Amino acid sequence: MVGPPPLKGLKVLEFAGLAPGPFAGLLLADAGANVLRIDRAIPGKTHTPGAKLPPTEDMLVRNKSSIAVDLKSAHGISLIKELAKSADIIIDPFRPGVLEKLGLGPDVLAAINPRIIYGRMTGFRRDGKYAAMAGHDINYLAVSGVLSVLGRDDEKPHAPWNILADFAGGGAMLFQGILLAVIARLSSGKGQVVEANMVDGASYLTTFPRQALKTPLGNAGRGKNVLDGGCPYYDTYETKDGKYMAVGALEPQFYAVLIKGLGLDKSWNQRRYDRAVWPEMKQQFEATFKSKTRAEWEGIFDGTDACCTPVLEYPELESQPGREGDQRPPVGLRDTPMLAVTQGVTDPSAQGQGLGAPGNGYEGHPLSPGQGGEEALQKWFGWSRGKDFEVEGGGLILKSKSRL
């Protein structure tokens, strides 16, 4: 029998923003925190009975609820301040100074609630030369130096989707910082401001490759090293049916198994470290892998130590139960698992607990502005419409007898 999720009971106010902020909120929500998203009020639509309102474009809303608030309204700001009295965590996804101009900066909210943890994230550093500029994942990778090491030899630097800066260096790092602040609050009794930015986050994640630039492991230039596409036995290869296999046979004993499975001459085992023959080796590997289908290569290498695996595509993972395609929490907690992503789980410790989410992690879980928010206010504070709050211009405001 498992216990409640690890962050159950924590109250989080997440201001709606672009993906990195909501991703931090998603991690908190999947760990059991109560995450209340603050969306923009739409007069005549949000919090309006019978009004049809499409979901937001944000797909990272699993296990969250939403209220709509007009942040340009003094009454809306008062509502946020009232919520902040009892909240544990704030997620500020905006560019520097936005919430401060609205009267919702960290100094203001800390004065209202000294225990509040004010998590805020920017792309560029708040104290750097690009602080006032707009940017995206590729820009943060660029100025951090990370982008300079990504890409093939003789090709331009290549950014891998927006995984590295937005999500790993941004949202996940903010989540980590918030957890550190939660732990620190256990002894200090006080909250604090948690600063995250995607430049520093991505740079920190690249600690090993950056330091390797000064060693034989990484000093040959972009795309010419062992781990960045320069090495034939750490690369991907097309198969007869247009699919791919991934090879990572770095150690000699694994390389030997790879050569045996490919049916190549054993003399390659003695020449594997000779960079002068790498081009020839790569051509040999390319021709060999193209001689069979991916399924045939799987039949040869599955269960071996060749470090040779299929490059699986998400549609395959989603539709083939035998693959490792059930989406799971990032970590398994044996006693207090995070919430499940996939529906119908059988092992809560590994797969997460609860009912899972529609779409099973392959489709965004829709959430309309205001959806579930009034129910959340009832659970959090015992608030109800008409008694504690009302609607003005599509946004929630406190009743005239404000608590502030």
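See the structure shown above.
Residues numbered from 1 in each chain as written. Predicted model: local features only at pLDDT ≥ 70, side-chain atom pairs only at ≥ 80, totals over all residues. Heavy atoms only, no water.

1. Digging into the packing of helix 1 (residues 20–30) against helix 6 (residues 163–188)
Where helix 1 meets helix 6, the axes come as close as 8 Å, and the angle between the chain directions of the two elements is 45 degrees. Comparing the axis directions of helix 1 and helix 6 gives the class oblique. Of the two possible hands of crossing, helix 1 and helix 6 adopt the one that is right-handed. Along the contact surface, helix 1 presents Pro20, Phe23, Ala24, Leu27 and Leu28, while helix 6 presents Asp166, Phe167, Gly171, Ala172, Leu174, Phe175 and Ile178. Of the residues that constitute the contact of helix 1 with helix 6, the class distribution is 10 nonpolar, one polar and one charged. (Axes fitted to C-alpha atoms, helices over the stretch in contact; angles between N-to-C directions. Helix = DSSP H or I, 4+ residues; strand = E, 2+ residues; numbered from the N terminus. Parallel < 35°, antiparallel > 145°, perpendicular 65-115°, else oblique. Left-handed = near helix turned anticlockwise from the far one by under 90°. Contact = heavy atoms within 4.5 Å. Nonpolar A, V, L, I, M, F, W, Y, C, P; charged D, E, K, R; others polar.)

2. Quick look at the layout of surface pockets
Computed from the structure, the largest pocket encloses a volume of approximately 2,100 Å³. Lining the largest pocket we find 50 residues, and of these Ala19, Asp58, Met59, Leu60 and Phe167 sit closest to its centre. Its residues assigned to classes, the lining of the largest pocket comprises 32 nonpolar, seven polar and 11 charged. Considering the residues around the second largest pocket, the lining is formed by 28 residues, among which Val149, Leu150, Gly151, Leu227 and Asp228 are closest to the centre. When residues of the lining of the second largest pocket are assigned to their parent elements, the largest contribution, three residues, is made by helix 8 (residues 207–212). Tallied by class, residues from the lining of the second largest pocket come to 15 nonpolar, eight polar and five charged. (1 Å grid on protein atoms, 1.4 Å probe; cavity = no way out; pocket = protein on both sides within 12 Å on 5 of 7 lines; lining within 4 Å. Points joined across faces, edges and corners; volume = space filled by probe spheres on them.)

3. A few points about the nonpolar core
Counting residues in hydrophobic clusters, the biggest one holds 33 residues, and the most contacted among them are Leu28, Ile89, Ile91, Leu141 and Leu174. For this core, the leading source of residues is helix 6, giving seven residues. Filtering out sequence-adjacent residues up to four positions away, isoleucine 91 remains in contact with Val12, Leu13, Glu14, Phe15, Gly21, Ala24, Gly25, Leu28, Gly119, Leu174 and Ile178. In this structure, Leu99, Leu104, Leu377 and Phe389 belong to the second largest nonpolar core, which totals 26 residues. (Core = buried A, V, L, I, M, F, W, Y, C linked by side-chain atoms within 4.5 Å. Buried < 20%, exposed > 50% of the residue type's maximum accessible area, 1.4 Å probe, protein only.)

4. Observations regarding helix 1
In terms of burial, helix 1 is largely enclosed, as 10 of its 11 residues are buried. Those residues of helix 1 not exposed but buried are Pro20, Gly21, Pro22, Ala24, Gly25, Leu26, Leu27, Leu28, Ala29 and Asp30. Of the residues one or two after helix 1, glycine 32 is the one with positive phi, at around 105 degrees.

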